[in-house]
Amino acid sequence: LITENKNLKIHTIHQDPYFLSSQFIYSSDNPLSGNWDTPSVIDFTSCLQELKLWKSKVDLVLIEGFMLYHDPVFVSLIDVHVWLEVGKETAMKR
């Protein structure tokens, strides 16, 4: 699809900016020690607003984030679902 249409308008949304950092309980010595694996630390409302905005403006929205499938409203707005698993080493490099 993308290679066939060079004029395709694409926007990418990353889930990382929607983490509610005030929700984390972590040590100042180790900021990665908090519980990042719970949906309660994601601002799904704001992320959903961005998704709706861009779906109306571009041909294709790519959105990534490991908590995306938690919110049923979010899931209902995604046309194609891709789950990609990577090893711990690759994930830490990201």
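This is a predicted model, so every value here is computed, not measured.

S.K.: Sorry, what's going on with the nonpolar core here?
M.R.: Across soluble globular proteins, nonpolar side chains have a tendency to be buried as a group. Judged by nonpolar contacts, the single largest core of 16 residues is most densely connected at Ile13, Ile42, Cys47, Ile63 and Phe74. Every element with two or more residues in this core is listed here: helix H1 (44-55) and strand E2 (60-64). Among the elements that make up this core, the one with the highest residue count is H1 (4 residues). When residues no more than four places from it in sequence are discounted, the contact partners of isoleucine 42 are Gln15, Tyr18, Phe19, Leu20 and Met67.

S.K.: Which parts of the structure should I look at to understand the pattern of salt bridges?
M.R.: Pairing is possible between side chains of opposite charge, provided their charged atoms come close. Counted under the stated rule, the structure contains 1 salt bridge. Note that aspartate 79 is salt-bridged to lysine 55, the shortest N-O span being 3.7 Å. In this pair, aspartate 79 sits in the loop between helix H2 (72-77) and helix H3 (88-93) while lysine 55 sits in helix H1, placing the two residues 24 residues apart along the sequence. On the basis of relative accessibility, which here comes to 68%, the residue aspartate 79 falls in the exposed class. The class of lysine 55 is partly exposed, set by a relative accessible area of 34%.

S.K.: It is not clear to me how the side chain of aspartate 71 should be interpreted in this structure. Could you clarify?
M.R.: Its place among the elements puts aspartate 71 in the loop between E2 and H2. Here aspartate 71 is buried and forms no salt bridge, its nearest opposite-charge partner lysine 52 lying at an N-O distance of 9.0 Å. At a separation of 3.0 Å, a polar atom in the side chain of aspartate 71 contacts the main-chain amide nitrogen of phenylalanine 74.

S.K.: Please clarify how the packing of aromatic side chains should be interpreted in this entry.
M.R.: One pair of aromatic rings is described through two measures. These are the centre distance and the angle between the planes. In the structure shown here, the tally under the stated rule is 2 aromatic pairs. For the ring pair phenylalanine 44 and phenylalanine 74, a centre distance of 6.3 Å and an interplane angle of 75° mean the geometry is edge-to-face. In this pair, phenylalanine 44 sits in helix H1 while phenylalanine 74 sits in helix H2, placing the two residues 30 residues apart along the sequence. A ring pair is formed by tyrosine 69 and tryptophan 83, whose centres lie 5.8 Å apart and whose planes are at 50°; its orientation type is tilted. You can see tyrosine 69 sitting in the loop between E2 and H2 and its partner tryptophan 83 sitting in the loop between H2 and H3, a full 14 residues away along the chain.

Conventions we followed
Residues numbered from 1 in each chain as written. Predicted model: local features only at pLDDT ≥ 70, side-chain atom pairs only at ≥ 80, totals over all residues. Heavy atoms only, no water. Core = buried A, V, L, I, M, F, W, Y, C linked by side-chain atoms within 4.5 Å. Buried < 20%, exposed > 50% of the residue type's maximum accessible area, 1.4 Å probe, protein only. Helix = DSSP H or I, 4+ residues; strand = E, 2+ residues; numbered from the N terminus. Contact = heavy atoms within 4.5 Å. Salt bridge = Lys/Arg side-chain N within 4 Å of Asp/Glu carboxyl O. Lys, Arg positive; Asp, Glu negative; His and termini not counted. Polar contact = N/O pair within 3.5 Å; in protein donor to acceptor, adjacent residues only side chain to side chain. Phe/Tyr/Trp six-rings, centres within 6.5 Å; stacked < 30°, edge-to-face > 60°.

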